[in-house]
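Each chain, letter by letter, is given below.
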Amino acid sequence: MSAVNSILIVGGGTAGWLTAAYLSQELGSYREDGVEITLVESSDIPSIGVGEGTFPSIKRTLEIIGIKEQDFIRGAEATFKQAIQFTDWCDNQGPAQKTYFHLFDPPRKLNGNIDIAPYWLMDKSPNKPPFAKVVSPQQDVCETYRGPKLRSDNDYFGRLNYAYHLDAGKFVSMLKERAKFARVEHVIGTVQHVNCNDEGELTSVDLKQGQNLKADFFIDCTGFSSLLIGQKLGAKYKCVKDVLFVDRAIAVQVPYATPETEIPCATISTAHAHGWTWDIGLHTRRGIGYVYSSQHTDEDFAESTLRNYINDKSASHSVRHIKMRTGYRPNPWQKNCVAIGLSGGFLEPLEATGISLTEASIKLLADYFPRSGNTELARLKFNRVMSRYYEQAVNFIKMHYCLSDRKDTAFWTDNRDPDTIPKELQTLLEFWKFNYPRDTDFEEWQKTFDQESYLYVLLGMNTCPDLSMNASAYPFEKYADTHFTAIQKLIKTAVSTLPSHRQLINQYIA
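Lay out the pattern of salt bridges with the relevant residues and their values.
Taken as a whole and judged by the stated rule, the model has 25 salt bridges. The shortest N-O distance in the salt bridge between K98 and D91 comes to 3.6 Å. Given the relative accessible area of 43%, D91 is considered partly exposed. A single network of salt bridges, built from pairs that share partners, joins E52, D167 and R285.

Printed below as a string of structure tokens:
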């Protein structure tokens, strides 16, 4: 059993450089006794760059890496993301509720520790406001284009919970600079051959340029090609195309009408005939894409759908077509190699699982890193947790599709076919017919998404549990009414005191 003192990361992009920057801090690469980290990337392999949205976990990640929030907002052209706004995902809600929000701010609890959801569910008023509208000020803050914090607030702290939208290319440049500052060695080269010892462990890679790079431990960030974990070590890949149908994307960049155009602080996800569009507001442009199923439509119709959305009948904006491989590796740690990013798995852009699962992989690896050389238990724990993270993410994403009552195309009706819905999700949805989602529905360590995320989506899509048979379990109706009234006052305060989103970003950039 030999100590693990050196790491070779193969591949750059967001996954590679986020791994390098994070591990350089957690494993002390900047110290003389720290782990040596080298990253090799080929300059002729472009980054996929599908997603520009993040999850609130990114704040803690950036803190650990050591990037100040102002520097991040300036360098990555970042804006604040407070929610995902879903439009046209259901037909059954009526014109006033064609849109619902998955907020990052959790529902405010009654007396600090009592779930408020059942009291909203027990209210049978015909015109009651949507769930997200009465449990947090954040939907109103998003609808009025307000930021989640004041410029004077501390880094990564907000009056409301938030993540970011960002320019992926500029973000990578920032990560690269930070990692190299922490003594990560950067090598430009194309891997031509991967070498193993008699036990099947990786020992080195040969570059096309003639170099041989050795290491004790390897991290595969080579994207869908999976050069180390897939091609060399043969780790199994679980395709989820039978559950999550979308496998193509078309991306485009669109400038704002004017420099003063308000910046949305939610990812806008709009459902269409064979998929959905994302619409992300950065400082100077919008990043827009259409995600669709090639089994249900063709490339030309998909592109026309996107151009209709951005009102570009003349095809003046150039688009980029992207093929996606949806699935994951149940055991992304093989021998002395871990797959992170697309090489470990990719589901689809919905709910920004790409970057958040990459973050989860990196954090777990830092926690379990086998510096002593005893890798067996660390590998078993890592694989078990990451496999459950991916399973939970598949369930959560599929829930958005199978709860929809759209009937306009086979894409939507096929998504409700029980044969395409994981058994675990079917069991939860059956249970939630007469129970609302609670934290105890999930093992603590396996939660990719928390109770509140399920609540926002389930109730937002008007799939409401019937609690009437157990009304006696919820005796605090009067307190709940007072609570809801207090939230409405909080909404007025938030909207009147928080700056506009563009004003807040301009203050960071100024």
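Now, about the sheet that holds strand β11 (residues 217-220): what can you tell me, with residues and values included?
Strand order in the open sheet formed by six strands is β7-β2-β1-β11-β20-β19, with mixed pairing between adjacent strands. At either margin of the open sheet sits one strand with a lone partner, and together these are β7 (185-188) and β19 (333-334). Pairing of β11 with strand β20 (residues 337-339) involves three bridges; the strand directions are parallel. Residue pairing in the sheet places F218 in a bridge with C337 of β20.

Go over unusual backbone geometry, please, and point to the residues and values.
Here the phi dihedral of S226 falls at roughly 50 degrees; this positive angle occurs in a residue that is not glycine. With respect to the element layout, S226 can be found in the loop between β11 and α8 (227-232). A positive phi angle is found at E351, which is not glycine, with a value near 65 degrees. If you trace the backbone, E351 turns up in the loop between β21 (345-346) and α10 (353-368).

Mind laying out helix α13 (residues 423-431), listing which residues take part and the relevant values?
Considered for burial, the residues of α13 that qualify are L425, L428 and L429. What you see down the axis of α13 is that its buried residues fit within an arc of 95 degrees, all on one side. Turned more than 90 degrees off the buried face of α13, the exposed positions are K423 and T427. For α13, the secondary structure elements touched by its buried residues are α11 (376-402) and α14 (451-460).

Reading the values: the criteria
Residues numbered from 1 in each chain as written. Predicted model: local features only at pLDDT ≥ 70, side-chain atom pairs only at ≥ 80, totals over all residues. Heavy atoms only, no water. Salt bridge = Lys/Arg side-chain N within 4 Å of Asp/Glu carboxyl O. Buried < 20%, exposed > 50% of the residue type's maximum accessible area, 1.4 Å probe, protein only. Pairing = 2+ DSSP bridges. Helix = DSSP H or I, 4+ residues; strand = E, 2+ residues; numbered from the N terminus. Arc of directions from axis to C-beta. Contact = heavy atoms within 4.5 Å.

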